[in-house]
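Listed below are the residues making up each chain.
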Amino acid sequence: MRFVYFFVLNFYAFIGFSQPNSFEKGKILPEISVNNSSETYALYLPKSFDETVLSAVVFIFDPSGNGVNGMQHFVTSAEKFNYILVASNNTKNGVPYDTNFEITNRLFATIFSTFKIDERQIYAAGFSGGSRLATAIAALTGKIQGVIACGAGLAINKSVTPTQKMFSFIGLVGDEDMNYQEMFNTKTWLDQFSVANELFVYNDTHRWPPSEQIERAFGWLELQAYKKAIRSIDSQFVQSYFETQYKIADSLVIHNKFRAVHEYESIMRNFAPYFEIDATQQKVIAIKKSPEYQQQVAARAAIIQEENDLYEKFSKVYSNDILAAESTDNFQWWRKELHQLNTAITQQANSPRGKMLKRLKYSIFAGAYESSESYVAAKKYKHALYCNQLLVYFNPEKAYWYFRVAQSYAHTNDFKNTIRNLKKAKDLGLPQFERIQQLPLFAKFKQKRRFQKLFEVSEKDK
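If you're wondering where the values come from, they're calculated on a predicted model, not measured in any experiment. Numbers given for residues are sequential positions, taken from 1 along each chain in its written order. Where local features are concerned, this predicted model is filtered to residues with pLDDT of at least 70; where side-chain atom pairs are given and counted, the filter is 80 or more; whole-chain, interface and lining totals use all residues. Note: side-chain values were computed over all heavy atoms of the structure, leaving out hydrogens and water.

A. Expanded view of unusual backbone geometry. Its identity is not glycine, yet Ser128 carries a phi of approximately 55°, on the positive side. Among the secondary structure elements, Ser128 is positioned in the loop between strand 5 (117–127) and helix 5 (129–141). For Ser128, a relative accessible area of 10% gives the class buried. A positive phi angle, close to 40°, is found at Ala349, a residue other than glycine. Looking at the element boundaries, Ala349 is found in the loop between helix 12 (332–348) and helix 13 (352–377). Three exposure classes are used, based on accessible area relative to the maximum for each residue type with a 1.4 Å probe and protein chains only: buried under 20%, partly exposed in between, and exposed over 50%. Overall, Ala349 belongs to the partly exposed group, its relative accessible area being 35%. Numbering of helices and strands runs from the N terminus, with a helix taken as a DSSP run of H or I at least four residues long and a strand as a DSSP run of E at least two residues long.

If you want it as structure tokens, here you go:
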């Protein structure tokens, strides 16, 4: 509970006590110092920013700690809705929540002492692990008005998940995102706790949503701000946003009736105070009665079940292997299964099942990658080696993954296999390969002729 107190203290201590500043407007500023620390944040002030009045702010959390990477997708919306954007360059995946909370506290203290922030218009947004962090902060503080959750739902730790009407939650997820199912389950969970929420689905993989999807999310938050009397109703915006949402729903009716109904029902929930929605309701009833819709719902349920079954199958083998920190059959099972998986993905392309198989593949890949990072941090290098070897089979033509395997072998002082994988990474065109010889991990090999020869050839090829 100490973080709840600390967060709330920061909000009350600094809101309204801003200092004069001269930051450039209308431009992403990538690295600004956080007070009393070595940390930095990215900043964007909309062109209409006025330092003499209270401003709305969005705190953005990128899972890799790259503030600009996350922020760039929010700029259009910041200009349209007049929000300050702040993105940490230090919070990231793989860091304990307590550490990320401490970093966020220092960021809050800096922002609230630098700008005049409207305490009713403080928002958080994040992608993947950054989304979970944003939701956790909102749940702990009770002072965040809304969360834009991209590609992931709630924090794994249930003690930092929302209860009752704490804030508004808008989820964004691609239909090929590994967390696709999770986002639907999150919506169901939030509905049970009467948390105002919405979910927008679009065609994409697991990455930051494009600007137009972020703008849809901001539009929904704008409607929530009207409902809570935080902002004055802009009838022109309501009409425009309604037409945009209706156009999206209409575009899905022929080929994806399930998603069309999802969008129409969203329209009914969100625009009932402004428009007569009886016609939309009748349209939804008619679609749901159609054989095509019922077939699509049944097919979707079957695909979801297949996804769960396949994930369990892969997870069982992965769990057995990781206990031994090796593949007992030299990855033959994985090679066969991944070949079949890739063939099915190619053959079924953009079909619902093809999209499911892409989600499944990325989910297994991401799990192995995150495990590798955790094992390296714990100095369990044999386990990390297994994970990195597996990642090569997901990306057999990508130089970076052979470099990771070489790192794992270097940790275990296996010079022969370190060189073999470094050479493979070099042959596949690893960028800035010559810099590897300066890495501390490989310093123990610098006097060995085979290691030196790798870089001599590289110099001649420049």
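Text resumes after the structure shown.
B. Local environment of the side chain of Asp175. Within the secondary structure, Asp175 is located in the loop between strand 7 (168–174) and helix 6 (180–192). Contact criterion: two residues are considered in contact whenever any of their non-hydrogen atoms come within 4.5 Å of each other. If we ignore the near neighbours within four places in the chain, the residues touching Asp175 are Tyr180, Val201, Tyr202, Asn203, Asp204, Arg259, Lys355 and Arg359.

C. Up close: the pattern of salt bridges. Put simply, a salt bridge is a Lys or Arg side-chain nitrogen that is within 4 Å of an Asp or Glu carboxyl oxygen. The full count for this structure, using the stated rule, is 24 salt bridges. Lys355 serves as the salt-bridge partner of Glu176, at 3.2 Å between the closest nitrogen and oxygen. Taken together, the residues Glu176 in the loop between strand 7 and helix 6 and Lys355 in helix 13 connect sequence positions 179 residues apart. One exposure class covers both Glu176 and Lys355, and it is buried. The closest approach of N and O atoms between Arg449 and Glu456, which form a salt bridge, is 2.5 Å. What makes Glu456 partly exposed here is its relative accessible area of 35%. Via salt bridges that share partners, Asp175, Glu176, Arg259, Lys355 and Lys358 belong to a single interconnected network.

Interpretation in functional terms is not warranted from these geometric data alone.
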